[in-house]
Amino acid sequence: MVILPELVLVAGALALFLVSLGKTPSEQTAKSVAMFFGLATFVATLLAFQSQASLFYGAYAVDQYSQLFKAMIGFSLALLLILGQNLKGISPSVRPEYYLFLLLSVLGLMMLVSSVELIAIFISLELSSFALYLLVPMRDDRTGIRVQMEAGMKYIFFGVMATGFMLYGMSLLFGLTGTTYLKDILAFLAQGNLQPAVVVAVLLVLAGFFYKLAVFPLHFWVPDVYQGASNETTAFIATLPKFGAVALLIRFLTVPTGQSSFLVELMAVLALCSMFYGNLSALVQKDIKRMLGFSGIAHAGFVLLGLLSLNPDGYGVAIYYIAGYVLMNLACFLVISNVSQQGENLRIEDFSGLYQRQPVLAFVLAVGLFGLAGIPPFVGFMGKFMILTTALRADHLVVVCLAAINTAIAIYYYLSVVKVAYTVDPGGSPAVKVHPAIQLTGVVLVVAITLLGALPAKFVDFASTVVQTLP
Amino acid sequence: MDLLLIKEGFPLLSFLIFLPLAGAVVLLFYHGAAFARLWALFVTSLTAVCSLPLLTGFDPASAKYQFAEVHAWIPRFHINYIVGMDGISILLVLLTTLIMPFCVLASWKYIQQRVAPFMFCLLVMETSMIGVFVALDFVLFYIFWEFMLIPMYLLIAIWGGPRKVYASIKFFLYTLAGSVLLLVAIIALYLKSGSFFIPEMMWQPYSLTFQVLVFLAFFLAFAIKVPMFPFHTWLPAAHVEAPTAGSVILASVLLKMGTYGMLRFCLPITPDATMLLAQPILWLSIAGIIYGGFTALAQQDMKKLIAYSSVGHMGFVTLGIFVLNTRGVEGAMLQMINHGVTTGALFLCVGMIYERTHSRELALATGVGRYMPWFVTFLAFFSLSSFGFPGTNSFIGEFLVLAGTFEHNIILALAAIPGAVLAAAYMLRMLQKIVWGGTANPDQSYLTDLGVREIAVLTPFLLFVFWIGLGPQPFLDLMHGSVSHLLEQLHHWQQHQQVAAVLWH
């Protein structure tokens, strides 16, 4: 029962494997099976929400912290499967495999947030990453120049390099402490056995997760992968792995290094570089997915700003921020996947007159973008506000001012998409027909974005108390 | 919390804030154009009627925040839902609630496309405007303050004139860029004072450097909203392109938020910085008055003319606030209301011509007086009011501001005088052209005079023009308690500082 969500995902992956064995795999079957297991995973995460256990000789911890992340991952997975249900960019013959690897990747993420031992962390991360590397080139070759292959190669090369850093850091940690259990590493270092190599080791491990979160300078894969992967795959890359990255960043930031001021300064610089680089580059993008990719880099900087206070308040706020970020991104990708007629990439001007072609989607898009821009009362504002508060409490006045200025830069490119959707004449663009279920999902996202933004107290309190229970 | 007079029983202020929002939600489900018009009129009228008990229940003698409500919101960050109202905000709240039904009426025929979303934006706008004036928690204030940008942006961007895209983006970027540092200042104040409750941030012994930094962050945000002289360029663009209702809301309510912010936040939270920096701001106000006057004199577009006249009028308001004496501040507050009434009415008048001739060019509207006698009657009174003709409302406001300025500094007051003369020049120029016209009038025999709806819209404005002009005492009484309390505290603060300085040496 304690690992029910993982078991459901494994069962789902096996079922899809069987579906893929058929000579002519029916896409409808694959879709139904995937949807069923996606929703079942979400239900399972809720059922297992209160579980507490330590499994596999203490390498796998099921606690409130991991279950909170699993619930968020499960919820996002369910939404993701609904909003990308048409899978327009993937050829029907490989759809069962697509869903198979998607579920495996989510399984890796679920295992990742529960892992408290270096080898277990590494294996779960690789399970999640490799499944994801395969999803990118599965896009059908519509352009003839195989951009999806380029994206896949870039993703895997950068990813493997980041993994190499991380593995090196882990080996250093093992060498310094003689154990691979995080708990024992913490205890050993807390006794004062600190040396400069510890901070190097921790930084190298962090680099692996900075890559997932797309923090400067490990962000290079973002624009090309976002553009090259199909809309549905990008929606996945842009959302769920961020949970895993934040969960593990928090776990490793609790490792005492003896050099926390150096770590904080470094993270502040990285956060600012991410924001400026992401926002300034996003200003000139024509492709909506590239734009969202750069905006994601900027938001990763904001998450880092929340983490650098190095206290449970900051961590709780960072979890809140990433939850809100995923919701807003899902809202945007819901619109992108459904406005795209055959799964092609969309330029910003392709949203012309969306307000007349499909008012509900235009509304969802506007809420998602205003939320990302940090306009109240949406969750983006509350997250930004709380992160700035915790950062200023930790006396980073200059960083906070620069971050605030960044929000003013960012508004321009978000607003220019809203402008196109609401003020430009649709011209010859056809009306967009969407299934009522998708409209409903969009409305659910809008409500969630607004409610989480207007009433954040419960979530932030819960996240902060949960973080305090970490070893 | 002894600064609050908690309202037991019915939460009137929250009701006023959320009634329009609830009305807007209904419009999401029923889209009919006719229904949307009637429903929006009903909701705004109901809000207006429900706001009248504020007047009867208000105790002008007390400087406390009345009708207050307190609810815990985000305890971890000491954020509470606190609303309340004092003599500074009551008139602005009433102005907002009373003007909104007329905005709906003014859009009755003007808006033909997408009526339900338009009314949705208007209602959401009303929620956030009332919220800004009654919020006593800084986060709550900031949420309303920023959220307002979205509906206002959509009002201009969707239903605006030919250059609506440019104007709406300029409006959004300017105001948003101004207020990002406001957020940092709010957080910094919270970390110093331990709470987001606005009155608890006031009159605290912050260091001068801190005060100056906070003041500058405040000032940038509020000066852009007012707009003060070097930050005013978004205003003519936004005014010209916005639909009539949007222009009225902009002129009557939105601009007041800047001056309200200066009065509510700059003075009591950063008193030393205010006194230190008052002088340059006073001269900026003078620059705004003169500049607005001269630019208005040169305009061919009636909306632009009135927009630039707003820059001048708001210059008088900031002048009155920063001379820091009772006459000046009360005059400034009265002038805020006057400008809301008069300029709102002028925009309505221009909108009525525009509905008929589809042009705002002064040259194309010359001589309409012959065919629209009712119209020019109203226009004449509002124009007279705009340049402060004795007997109209602006005369009282400008007189008080100038009296306060003379008390403060004669040179400054003399420098402001040409602004009043310029106002007469540009308003009379417009009036003369429209009523009598020149020799080369376009043919306007097709024009019809005002209908009953339009007369009903303009009459209440005229009523207030004369009421405030002939008997301003009830209005001044409402604000007097809070204003004198504010200035008394400022005076105390000054003396306290001087004593401290003497003891130090």
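Residues numbered from 1 in each chain as written. Chains lettered and ligands numbered in written order. Predicted model: local features only at pLDDT ≥ 70, side-chain atom pairs only at ≥ 80, totals over all residues.

1. Regarding the overall build of chain A
Along the backbone of chain A there are 19 helices and 2 strands. Expected size for 471 residues packed as a compact globule is a radius of gyration near 23 Å; at 21 Å, chain A falls within 12% of this value. Expressed as lengths along the three principal axes of its C-alpha atoms, the size of chain A is roughly 70 × 55 × 40 Å. Looking at chain A as a whole, 58% of its 471 residues are labelled buried. For chain A, long-range pairs separated by at least 24 residues make up 81% of all intrachain contacts whose partners lie at least 6 apart in sequence. (Helix = DSSP H or I, 4+ residues; strand = E, 2+ residues; numbered from the N terminus. Rg over C-alpha atoms; globule rule 2.2 N^0.38 Å. Buried ≥ 20, exposed ≤ 12 C-beta atoms within 10 Å, placed from the backbone. Contact = placed C-beta atoms within 7 Å.)

2. Describing the overall build of chain B
Counting its regular elements, chain B contains 19 helices and 3 strands. In summary, chain B has a C-alpha radius of gyration of 22 Å against a globular reference of 23 Å for 505 residues, a match within 12%. Taken along the three principal axes of its C-alpha coordinates, chain B extends 75 × 55 × 40 Å. Buried residues in chain B amount to 59% of all 505 residues. Pairs at least 24 apart in sequence give 81% of the contacts found in chain B among residues at least 6 apart.

3. Some words on the packing of helix H13 (residues 312-339) of chain A against helix H15 (residues 359-373) of chain A
All names here are of chain A. Put simply, H13 and H15 touch, their axes get as near as 8 Å, and they point 145° apart. Crossing angle aside, the handedness with which H13 passes H15 is left-handed. Contact residues: H13 offers Met 328, Ala 331, Cys 332, Leu 334, Val 335, Asn 338 and Val 339, while H15 offers Leu 361, Val 364, Leu 365, Val 367, Gly 368, Leu 369, Gly 371 and Leu 372. (Axes fitted to C-alpha atoms, helices over the stretch in contact; angles between N-to-C directions. Left-handed = near helix turned anticlockwise from the far one by under 90°.)

4. Describing the packing of helix H11 (residues 260-282) of chain A against helix H12 (residues 288-307) of chain A
Relative orientation and spacing of two packed helices are given, respectively, by the angle between their axes and the distance between those axes. All names here are of chain A. Direction vectors running N to C along H11 and H12 enclose 160°, while the axes themselves pass 7 Å from each other. In terms of orientation, H11 lies roughly antiparallel with respect to H12. The hand of the H11/H12 crossing is left-handed. In contact with Met 267, Leu 270, Ala 271, Leu 272, Ser 274, Met 275, Tyr 277, Gly 278, Asn 279, Ser 281 and Ala 282 of H11, H12 contributes Met 291, Phe 294, Ser 295, Ile 297, Ala 298, Ala 300, Gly 301, Phe 302, Leu 304, Leu 305 and Leu 307. Class assignment of the residues belonging to the contact of H11 with H12 gives a composition of 16 nonpolar, 6 polar and no charged. (Parallel < 35°, antiparallel > 145°, perpendicular 65-115°, else oblique. Nonpolar A, V, L, I, M, F, W, Y, C, P; charged D, E, K, R; others polar.)

5. Let's talk about the environment of Val 434 of chain A
Residues and elements named next belong to chain A. Position of Val 434 relative to the elements: it lies in the loop between helix H17 (397-423) and helix H18 (436-454). For the pair Val 434 and Asn 338, spaced 96 residues apart in sequence, the C-alpha separation works out to 6.8 Å. If sequence neighbours within four positions are ignored, Val 434 has contacts with Asn 338, Gln 358, Leu 361 and Gln 439.

6. Concerning helix H6 (residues 149-159) of chain B
Each full turn of the α-helix corresponds to 3.6 residues, which orients residues three or four apart in the same direction. Counting buried positions along H6 of chain B yields 10 of 11 residues, so the element is predominantly enclosed. Every buried residue of H6 of chain B is listed here: Leu 149, Ile 150, Pro 151, Met 152, Tyr 153, Leu 154, Leu 155, Ile 156, Ala 157 and Trp 159 of chain B.

7. Section: the interface of chain A and chain B
At the interface, 26 residues of chain A touch 27 residues of chain B. Those elements that place two or more of their residues in the side of chain A that touches chain B are helix H16 (379-393), H17 and helix H19 (457-468) of chain A. At 12 residues, H17 of chain A tops the list of elements feeding residues into the side of chain A that touches chain B. For the side of chain A that touches chain B, the residue count by class is 20 nonpolar, 3 polar and 3 charged.

8. What about unusual backbone geometry?
The phi angle of most residues is negative, glycine excepted, and most peptide bonds adopt the trans form. A cis amide bond links Pro 376 of chain A with the next residue in sequence, Pro 377 of chain A, at an omega value of 5°. Looking at the secondary structure, you find Pro 377 of chain A in the loop between H15 and H16. In the segment running from Val 226 of chain B into Pro 227 of chain B, the intervening peptide bond is cis, with an omega of -15°. Tracing the backbone through its elements, the reader meets Pro 227 of chain B in the loop between helix H9 (208-225) and helix H10 (234-241).

9. Overview of H11 of chain A
Compared with the 33 Å implied by 1.5 Å per residue over 23 residues, the 32 Å span of H11 of chain A between its first and last C-alpha is a close match. Met 267, Ala 268, Leu 270, Ala 271, Leu 272, Ser 274, Met 275, Gly 278, Asn 279, Ser 281 and Ala 282 of chain A are the residues of H11 of chain A that are buried. (Expected span 1.5 Å × (residues − 1).)

10. A short note on the pairing of strand E2 (residues 65-74) of chain B
One ladder, built from 2 bridges, connects strand E1 (residues 4-6) of chain B with E2 of chain B; its direction is parallel. Opposite Ile 6 of chain B, over in E2 of chain B, you have Ala 68 of chain B as the bridge partner. (Pairing = 2+ DSSP bridges.)

11. Quick notes on the environment of Met 110 of chain A
All names here are of chain A. On the secondary structure map, Met 110 appears in helix H4 (residues 95-114). The buried category is assigned to Met 110, around which 30 C-beta atoms lie within 10 Å. Residues Met 110 and Phe 69, spaced 41 residues apart in sequence, show a C-alpha to C-alpha distance of 7.9 Å.

12. Topic: the sheet that holds strand E3 (residues 79-85) of chain B
All names here are of chain B. Taken in spatial order, the 3 strands make up an open sheet running E1-E2-E3, and their pairing is mixed. Edge positions in the sheet fall to E1 and E3, since each of these pairs with one other strand and no more. Taking each pair of neighbouring strands and ignoring which way they run, the sheet shows an average axis angle of 50°.

13. Quick word on the confidence of the model for chain B
Of all residues in chain B, 98% have pLDDT values of 70 or greater, and the mean over the chain is 89. Scoring of the predicted complex yields 0.93 for pTM and 0.92 for ipTM. (pLDDT = per-residue confidence, 0-100.)

14. Comments concerning the environment of Tyr 133 of chain A
Its location among the elements puts Tyr 133 of chain A in helix H5 (residues 118-135). Sequence-distant contacts of Tyr 133 of chain A, defined by excluding residues within four places in its chain, comprise Gly 152, Tyr 155, Ile 156 and Gly 159 of chain A.

15. A closer look at the pairing of E3 of chain B
All names here are of chain B. Most of E3 sits inside the fold, with 6 of its 7 residues counted as buried. Bridge analysis of E2 against E3 gives 6 bridges, and the strand direction is antiparallel. Paired with His 71 across the strands is Tyr 81, a residue of E3.

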